[in-house]
Amino acid sequence: MKVMIIGSGGREHAIAWKVKQSPKVDHIYCAPGNAGMAEIAECVDLSVEDIDGCVKFAQDHGVDLVVVGPEVPLVMGMADAMQAAGIRVFGPNKKCAQFEGSKAFTKDFLMRHHIPTAQYKEYHRYEDIVKDLGIFGYPMVIKADGLAAGKGVVIPENEADAKAAMKEIMADKKFGDAGDTAVIEEYLTGTEASILCFVDGNTIVPMESARDYKRAYDDDKGLNTGGMGNVSPNRLFDDPALNKRIQDDILTPIIEGFKADGMDFVGVLFIGLMIKDGVPKVLEFNVRFGDPEAQVVLPRMQTDLVDVMEACIDGKLADCKITWRKEHAVTVVLASGGYPASYKKGYEITGLGDVEDCVVFHAGTALKDGKVVTNGGRVLAVTALGDTTEAARQKAYSQIDKIHFKDCFHRNDIAVDA
């Protein structure tokens, strides 16, 4: 098989790394890929938003399976275009990708199908939303409806901050068209968790659990990021009662809702949860692998990922037995100084060849004059497996100091409390 992976981040490198292990696959293309992916695949200079270009390349090169990594091309209709061209694709169509493309769409789905979530209200005019600030009390949650690169959510503590945030989103268009519609939500407290699930339209199968560390600095200080590290399994899911509640109250109603609404969802559904006193509520949906969740979950997967993806495409996920390694996994992200605010690119990365007994997933890297250089905020993710979480944690941290680039930083407490 020839497989084409759309994307250039750590998530896509983890997918490529896992796909490479399939005996079915003899060639992988990555569009556009990164320096790490270039070691195991042929990188193609195509933008993830160039749908026509990606489809033509897949046609011209006899690609058998396309895997769409990021949310933007999915929301734009990449899967639909591939399907129309007769190319098998793993990733939801444009209709289903609205679950990430529109917060209001997701909230409406959750409410209609009686899936536990926070109270909310949707707005299309700045003048209307300002009148309702504080309707669910403070702190409150304000979300730009559309895609905002993970930055379209603010949680003001008072009315003045809420007004300023709403002005930025709806009046000043800080996030562009994403702020044409906004959502106000009740603020939920508890423990945040997430579940990645394979979906084939009729069946939803959770993957092994993981826990993300969002804040930039130790002790959960600093700004929210795309994720500074991850651990799998998440001990929160050791509770059988919680797992049953998630299955009965969330997963089963989701798949039944998909069927009722004619949503032929094929791909990965990422479910963000808030859990309090054993009661889970849905915070959000994403329509692809998480990042860096993929970097800890996929190394624990024993089953051929290509087999599972094909089962999802063929509507045969229920017949697919997915097995997982017993080892625990920990990944630590190495980031550019200044991230998640402003940072510089183009610094040479050294020491990658010295890392032992870990997998180094590239996120924001590029090749320049034969050297690997930084090309993003989150640059690398170092993943280790171990018999226990602590063993995996120690292994990862024992290797990351071998890697060097200017202004590199990382958290020192990933999985220390797991």
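These figures come from a predicted structure and were not determined experimentally.

1. Quick notes on empty space enclosed by the protein
Working step 1: Overall, the coordinates contain 3 cavities of 30 Å³ or more when judged by the stated rule.
Working step 2: For the largest cavity, the calculated volume is near 70 Å³.
Working step 3: What lines the largest cavity is a set of 13 residues, and nearest its centre among them are V68, F90, V268, R288 and F289.
Working step 4: The set of elements that each furnish at least two residues to the lining of the largest cavity consists of α1 (10–20), β4 (65–68) and β16 (267–276).
Working step 5: Residue composition of the lining of the largest cavity, grouped by class: 8 nonpolar, 3 polar and 2 charged.
Working step 6: The space that makes up the second largest cavity amounts to roughly 40 Å³.
Working step 7: Lining the second largest cavity, in full, are D291, P292, Q295, V333, A363, R378, L380 and A381.
Working step 8: By residue number, the principal contributor to the lining of the second largest cavity is strand β22 (residues 378–386), which donates 3 residues.
Working step 9: Here the residues of the lining of the second largest cavity sort into 5 nonpolar, 1 polar and 2 charged.

2. Some words on the sheet that holds β4
Working step 1: Taking strand neighbours across the sheet as the criterion, the 5 strands line up as β3-β2-β1-β4-β5 in an open arrangement whose pairing is parallel. Whereas interior strands pair on both sides, the edge strands pair on one side only; in this sheet they are β3 (42–43) and β5 (88–90).
Working step 2: On the sheet, α1 packs against β1 (2–7), β2 (27–32) and β4 and is oriented at approximately 170° with respect to β1.

The rules behind the values
- Once a new chain begins, its residue numbering starts again from 1 and follows that chain's sequence as written.
- The predicted origin of the model limits local features to residues at a pLDDT of at least 70 and limits the giving and counting of side-chain atom pairs to 80 or more, whereas totals for whole chains, interfaces and linings rest on all residues.
- Side-chain calculation: all heavy atoms of the structure are included, whereas hydrogens and water are not.
- Residues are said to line a cavity or pocket when one of their atoms sits within 4 Å of a point; the points come from a 1 Å grid over protein atoms alone, cavities being sets where a 1.4 Å probe fits but cannot get out and pockets being open sets with protein on both sides within 12 Å along at least five of seven lines.
- Grid points are joined across faces, edges and corners, and a volume is the space filled by probe spheres set on the points.
- Going along the chain from the N terminus, every DSSP run of H or I of four or more residues is numbered as a helix, and every run of E of two or more is numbered as a strand.
- Each residue is assigned to one class: nonpolar for Ala, Val, Leu, Ile, Met, Phe, Trp, Tyr, Cys and Pro, charged for Asp, Glu, Lys and Arg, and polar for all the others, Gly among them.
- A pair of strands is treated as paired once DSSP finds two or more bridges between them.
- Any two residues whose heavy atoms approach within 4.5 Å at even a single point are treated as in contact.
- As a rule, the C-alpha atoms of each element are fitted with a line to give its axis, helices using only the stretch in contact, and angles between N-to-C directions run from 0 to 180 degrees.

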